[in-house]
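# Remarks on the overall topology
Here is what each chain is made of, one letter per residue.
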Amino acid sequence: GDNDSTVNIETLQRALDQTMQSHNTTPNAEIGGFTPDQLLALQRHPLGTPGCPLTFSDQLTAPQLKSAKLFQQMRLFLLAVRDSGGIRATAAGNLPRTFVNQMVDQLLDADEQKAVWKYNKVLNESDFFTLHEARVVCEQTGLIGLTKGQYTLRKKALPLLEADAAGKLYHALFTGFFLNYNIGYRLHRGVDLDWLQSEIGYVLKPLQLYGKKWLPAQKLATTLLHPMTLERVNAAISQISYTSANNELESFLLKPLEQWGLLEVQRQQKKYW
């Protein structure tokens, strides 16, 4: 009778709910190894916002961050700003030449220094991109600011420079780099793919799943990019012969992640590349 129908409907509903729950919480290779719930959460709560399924640990120690080249360079820059007590900016808002030249030895290894001095007798900030990028990222992250013509540390930056605060400083700089800085600025090209850095949250999960083994370069884009993202990248570069989805993925995400100490990369030279 009616009671039997009610019981059957309730049983079917419970079975359906369990099936949906299992589907939504099971990793799916077709969507980059995410569960549907995680993918939806990333859409609603991007990297760096409350509710994001990818969270940061502030517990990294200074020895664990030795290979994070960009972090080390930016921390040295912040320490130099702190120790200077304030750096008088040029009329254009750049770091002065005396400070720029002092930072070459601190930020670059011997080969990098040789390359810089090969084409420059004196250095302005615009000639020293490593320092320029550090200044821009630290400023956009709110760790330094220009006050009365001087670059000085903001109050919140001081405790982050303590020896036991490396993880907290890394967190601040990493999120500032990927969420505030325009990575396309370092490439100086006409390809409009600056939006690709916003895919960082979607790439980190596949890297966690597949990056424990070496990934061949030719399969990086198909392995790490969401299919809709890959389609969008290919559409944007369809008329450009000198690049590929793999190249753009490397430029906007993989090389930065390597410089932040999160990836190990082996390269081999082929012809001129």
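Fair warning: this is a prediction, and the values are worked out from it, not measured in the lab. Here the residue numbers are simple positions, counted from 1 along each chain's written sequence. Predicted model: local features are reported for residues with pLDDT of at least 70 only, side-chain atom pairs are reported and counted for 80 or more only, and whole-chain, interface and lining totals are derived from all residues. In computing side-chain values, all of the structure's heavy atoms are included and hydrogens and water are not.

Another aspect to go through is the pairing of strand β3 (residues 150-153). Any residue under 20% of the maximum accessible area for its type is buried, any over 50% is exposed, and the rest in between are partly exposed; the area is computed with a 1.4 Å probe on protein chains only. Segments assigned H or I by DSSP are reported as helices when at least four residues long, segments assigned E as strands when at least two residues long, and all are numbered from the N terminus. Residues Tyr151 and Leu153 of β3 are buried on one face, while the alternating residues Gln150 and Thr152, pointing to the opposite face, are not. Note on pairing: DSSP must find at least two bridges between two strands before they are called paired. By the bridge criterion, two bridges tie strand β1 (residues 87-88) to β3 in an arrangement that is antiparallel. When the sheet's bridge partners are listed, Arg88 is paired in β3 with Gln150. Pairing between strand β2 (residues 144-147) and β3: four bridges, direction antiparallel. Note on β3: the bridge partner recorded for Ile144 is Leu153. Counted between consecutive antiparallel strands, the loop separating β2 from β3 contains two residues, among which Lys148 sits at a positive phi close to 50 degrees.

Quick look at the packing of aromatic side chains now. Each aromatic pair joins two rings of Phe, Tyr and Trp (for Trp, the six-membered one) with centres within 6.5 Å, and gets the label stacked for planes under 30 degrees apart, edge-to-face for over 60, and tilted for any other angle. For the structure on display, the rule yields twelve aromatic pairs. Ring geometry for Phe174 versus Phe178: centroids 4.8 Å apart, planes at 50 degrees, classification tilted. Of this pair, Phe174 and Phe178 both sit in helix α7 (residues 166-179), four residues apart, roughly one helical turn. On the basis of relative accessible area, Phe174 is assigned to the buried category, the value being 2%. Residue classification places Phe178 among the buried positions, given a relative accessible area of 3%. Ring centres 5.3 Å apart and planes at 40 degrees place the aromatic pair Phe177 and Tyr181 in the tilted group. Look at Phe177 and you get buried, because its relative accessible area is 0%. One aromatic cluster in this structure is built from Phe56, Phe71, Phe129, Tyr170, Phe174, Phe177, Phe178, Tyr181, Tyr185 and Trp260. Note on criteria: charge over ring means Lys NZ or Arg CZ within 6 Å of the ring centre, with the direction from the centre no more than 35 degrees off the ring normal. The cationic tip of Arg232 hangs over the ring face of Trp195; the distance from NZ or CZ to the ring centre is 3.7 Å.

That's the geometry; what it means functionally is another story.
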